[in-house]
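# Commentary on secondary and tertiary structure
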Amino acid sequence: MVKIGVLGLQGAVREHIRSVEASGAEGIIIKYKEQLADIDGLIIPGGESTTMRRLIDKYDFLDALMDFGQQGKPIFGTCAGLILLANNIAGQADAHLALMDMKVERNAFGRQRESFEAEVELEGIADSFEAVFIRAPYIMEVGPEVEVLATYQDKIVAARQGHYLCSAFHPELTDDHRLTEYFVKMVEK
Ligand code: GLN
């Protein structure tokens, strides 16, 4: 059984653990950077990217997370986790982990649509997937190595670049575990 960590500094941690377990892998909450050595893949959950970054710095996680990805270990970023993975954030001088070649816009669906659900098609994963968006970002531009997996209203909302996966929505909040299962398969390979 592969071991999937969920970065446990802030955000929707328990729900991801539940989804990982439902997908046939072991889920481990990661609170210390030393724990990264024990896992095969990592999920960075949704929450608030600025708060999560503050905690990443406070607990000295930044270099350890970048090393984890650069060693070829799979990372799945959802919502705020997607923002942390991007190498370009609209309106901000600096990115966070900068592991995926894409430009993202935070809180991109407008205040009147703070949170909503929508059906999306996930390329090669699901013809119809109930996606929960909560103050969600979207991906404005992707580099040549990034594969678009889903769009909603012509905006990119899920993508993959080699061993990195991201979604603007929260796949852990429903009982449809197909996207998490897809990540577990990426880790098994
Ligand atoms: N709006 C949040 C941010 O900018 C992301 C929201 C979420 O993760 N649900 O970090």
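Below, the structure is looked at part by part. (Residues numbered from 1 in each chain as written. Predicted model: local features only at pLDDT ≥ 70, side-chain atom pairs only at ≥ 80, totals over all residues. Heavy atoms only, no water.)

Among the structural elements, Leu122 can be located in strand S7 (residues 115-122). Sequence separation between Leu122 and Ala159 is 37 residues, and the spatial gap between their C-alpha atoms is 9.4 Å. Not counting residues up to four positions away in its chain, the partners in contact with Leu122 are Phe129, Leu149, Ala150, Ala158, Phe169 and Leu179. (Helix = DSSP H or I, 4+ residues; strand = E, 2+ residues; numbered from the N terminus. Contact = heavy atoms within 4.5 Å.)

Neighbouring residues of the ligand: Gly46, Gly47, Glu48, Ser49, Cys79, Ala80, Ile83, Arg106, Asn107, Ile134, Arg135 and His170. Note that an oxygen atom of the ligand is positioned 2.7 Å from one of the side-chain N or O atoms of Arg106. Summarising the interface, the protein chains cover 99% of the accessible area of the ligand, which totals 300 Å² for the free molecule. Looking at the shell around the ligand residue by residue, the class counts come to four nonpolar, five polar and three charged. (Near = heavy atom within 4 Å. Polar contact = N/O pair within 3.5 Å; in protein donor to acceptor, adjacent residues only side chain to side chain. Areas by Shrake-Rupley, 256 points an atom, 1.4 Å probe, with all protein chains shown as cover. Nonpolar A, V, L, I, M, F, W, Y, C, P; charged D, E, K, R; others polar.)

The biggest cluster of nonpolar side chains holds 69 residues, and the ones touching the most others in it are Phe133 and Phe169. For this core, the leading source of residues is helix H5 (residues 178-188), giving six residues. When residues no more than four places from it in sequence are discounted, the contact partners of Phe133 are Phe109, Glu114, Ser115, Phe116, Ala118, Val120, Tyr152, Val157, Ala168 and Phe169. (Core = buried A, V, L, I, M, F, W, Y, C linked by side-chain atoms within 4.5 Å. Buried < 20%, exposed > 50% of the residue type's maximum accessible area, 1.4 Å probe, protein only.)

Quick look at a negative patch on the surface now. A cluster of acidic residues, Glu121, Glu123, Asp127 and Glu147, forms a negative patch on the protein surface. By the element assignment, Glu121 lies in strand S7. (Patch = residues over 30% accessible without salt bridge, like charges linked within 9 Å, V, L, I, M, F, W, Y side chains within 5 Å. Salt bridge = Lys/Arg side-chain N within 4 Å of Asp/Glu carboxyl O. Lys, Arg positive; Asp, Glu negative; His and termini not counted. Charge placed at Lys NZ, Arg CZ, Asp CG, Glu CD.)

On to the packing of aromatic side chains. Under the defined criterion, the tally for this structure stands at ten aromatic pairs. Ring geometry for Phe109 versus Tyr152: centroids 6.0 Å apart, planes at 55°, classification tilted. Of this pair, Phe109 sits in the loop between strand S6 (100-105) and S7 while Tyr152 sits in strand S10 (residues 147-152), and the two are 43 residues apart along the sequence. The buried category is assigned to Tyr152, whose relative accessible area is 14%. Measuring from ring centre to ring centre gives 5.7 Å for Phe133 and Phe169, while their planes differ by 65°; the resulting arrangement is edge-to-face. One end of the pair, Phe133, is in strand S8 (residues 126-134); the other, Phe169, is in the loop between strand S12 (164-167) and H5, and 36 residues separate them in sequence. The residues Phe133 and Phe169 share a single accessibility class, namely buried. Through a chain of ring-to-ring contacts, the aromatic side chains of Phe109, Phe116, Phe129, Phe133, Tyr138, Tyr152 and Phe169 assemble into a single cluster. (Phe/Tyr/Trp six-rings, centres within 6.5 Å; stacked < 30°, edge-to-face > 60°.)

A separate point is unusual backbone geometry. Excluding glycine, a negative phi dihedral is what most residues carry, and trans is how most peptide bonds are arranged. Despite not being glycine, Asp60 has its phi angle at roughly 55°, a positive value. Mapping Asp60 onto the fold places it in the loop between helix H2 (49-58) and helix H3 (62-70). Positive phi is not limited to glycine here, since Cys79 has a value of about 55°. A relative accessible area of 4% means that Cys79 is categorised as buried.

The tally for this structure, following the rule as stated, stands at six salt bridges. Two residues, Asp60 and Lys33, come together in a salt bridge whose shortest N-O distance is 2.6 Å. One end of the pair, Asp60, is in the loop between H2 and H3; the other, Lys33, is in the loop between strand S2 (26-30) and strand S3 (41-44), with 27 residues separating them in the sequence. Linking Glu48 and Arg135 is a salt bridge whose minimum nitrogen-to-oxygen distance equals 3.7 Å.

As far as function goes, none of this settles anything; it's purely spatial.
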